[in-house]
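If you want the building blocks of each chain, they are given just below.
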Amino acid sequence: MIDYHLHGNFCGHGRGSLEEYVSFAIERGFKEIGFSAHLPKIKNPDPYHAMPEEDLPRYVELVEELRGRYRERIVIKLGIEADYFEGLERVIGSLLDAYPFDYVFGAIHFLGDWHFTSKAGRGRYELEDPNEAYPAYFELVKLMIRSGLFDILAHPDAIRREGFIPDRSMTSVYRDIAGLLKQAGMAIEVNTAGVRRGVGGVYPEKAFLSACRAEGVPVTIGSDAHDPHDVGRDYDYAVKLLESLRISEVATYHRRRMTLRPLRDFFRDRADGNR
Ligand SMILES: [Zn+2]
Ligand SMILES: [Zn+2]
């Protein structure tokens, strides 16, 4: 299989060395993985959320070193997950241009001062109104796509939580976003962290992925592991969803150029009953 969304101990909320993730991935029969640590936070730096800026060169070096060391056993990509902040596009862009990344996730983790994807931010869901939070979140997603800075939309509906659902259907918003992704040449991520965060499935929900499928937006797959044990976790959900929409290709990246590959290339031999 393939897992393009792996973190590690470069940020305060991640556990385990990058090498431990590589070992788990090999043990589980993965053919290709990519690290996507959080790019240093440009606005109000926060080492709990993202590595400090001085650690970025060491992160890049380490991924490249692991890539060389494990070359015979697994393909390792150098990715990064970058927060989008309106008005800071140039600063984010210059940081991204300074390193030979294979791909860049664009992500929204903050609505104003609400870090809604963090453990600390979870309690605030009860106080917030989904009818306001969803439009605000998706407006940021649109700006992010239009910025042209990113390759893949990470955990596309990260604002979703069980019970935190707006009154109005989001279908037309999903269609707009699918169109923008297509125009921008971006892919959408199927992210299995939704399963363990109590979302009731993966990110994005099926209607969102279906809108992207209709536009021909490519897909990447990731576990968003922040612990080596979570590499490739809950992939059954992702594979079922992709199969139900007849999505049979996955986007892979090298130095920010995308290649579509058949998903079955990443399955282990079916003979052993595993994928
Ligand atoms: Zn994280
Ligand atoms: Zn994220």
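One can find the structure itself at the top, above this paragraph.
Rules and cut-offs
Residues numbered from 1 in each chain as written. Chains lettered and ligands numbered in written order. Predicted model: local features only at pLDDT ≥ 70, side-chain atom pairs only at ≥ 80, totals over all residues. Heavy atoms only, no water. Core = buried A, V, L, I, M, F, W, Y, C linked by side-chain atoms within 4.5 Å. Buried < 20%, exposed > 50% of the residue type's maximum accessible area, 1.4 Å probe, protein only. Helix = DSSP H or I, 4+ residues; strand = E, 2+ residues; numbered from the N terminus. Contact = heavy atoms within 4.5 Å. Polar contact = N/O pair within 3.5 Å; in protein donor to acceptor, adjacent residues only side chain to side chain. Donors = N, O, S within 2.8 Å, 3.2 Å for Na, K, Ca; no water.

With that out of the way, let us pick up the nonpolar core. Counting residues in hydrophobic clusters, the biggest one holds 93 residues, and the most contacted among them are Met 1, Phe 35, Tyr 59, Leu 96, Phe 138, Phe 150 and Ile 159. Considering each element in turn, this core owes the most residues, eight residues, to helix 4 (residues 130–146). If we skip the residues at most four places from it in the chain, Tyr 59 touches Phe 10, Leu 18, Phe 35, Ser 36, Ala 37, Met 51, Leu 78, Gly 79 and Ile 80.

Time to look at the side chain of Asp 230. Topologically, Asp 230 is positioned in the loop between strand 7 (219–222) and helix 8 (235–244). For Asp 230, the side chain forms a polar contact with the side chain of Arg 233, separated by 2.7 Å. Residue contacts for Asp 230: discarding those within four places in its chain leaves Arg 28, Arg 196, Ser 223 and Ala 225.

Let us now look at the coordination of the zinc ion (ligand 1). Around the zinc ion (ligand 1), the protein supplies His 13 (NE2), His 38 (NE2) and His 226 (NE2) as donor atoms, at distances of 1.9 to 2.1 Å. Sequence spacing of the donors to the zinc ion (ligand 1): H-x24-H-x187-H. Taken as a pair, the zinc ion (ligand 1) and the zinc ion (ligand 2) show a spacing of 5.1 Å. Note that His 13 is positioned in the loop between strand 1 (2–6) and helix 1 (18–27) and His 38 in strand 2 (residues 32–38), a separation of 25 residues in sequence. Judged by relative accessible area, His 38 falls into the buried class, the value being 3%.

Attention now moves to the environment of Arg 28. Here Arg 28 shows up in the loop between helix 1 and strand 2. Owing to a relative accessible area of 27%, Arg 28 belongs among the partly exposed residues under this scheme. Along the sequence, Arg 28 and Thr 252 sit 224 residues apart, while their C-alpha atoms lie 19 Å from each other.

Protein-derived coordination of the zinc ion (ligand 2) comes from Glu 81 (OE), His 109 (NE2) and His 155 (NE2), at a distance range of 2.0 to 2.2 Å. Along the chain, the residues donating to the zinc ion (ligand 2) fall in the pattern E-x27-H-x45-H. On the accessibility criterion, Glu 81 (1% relative accessible area) is buried.

In short, the description is geometric, and any link to function would need to be established separately.
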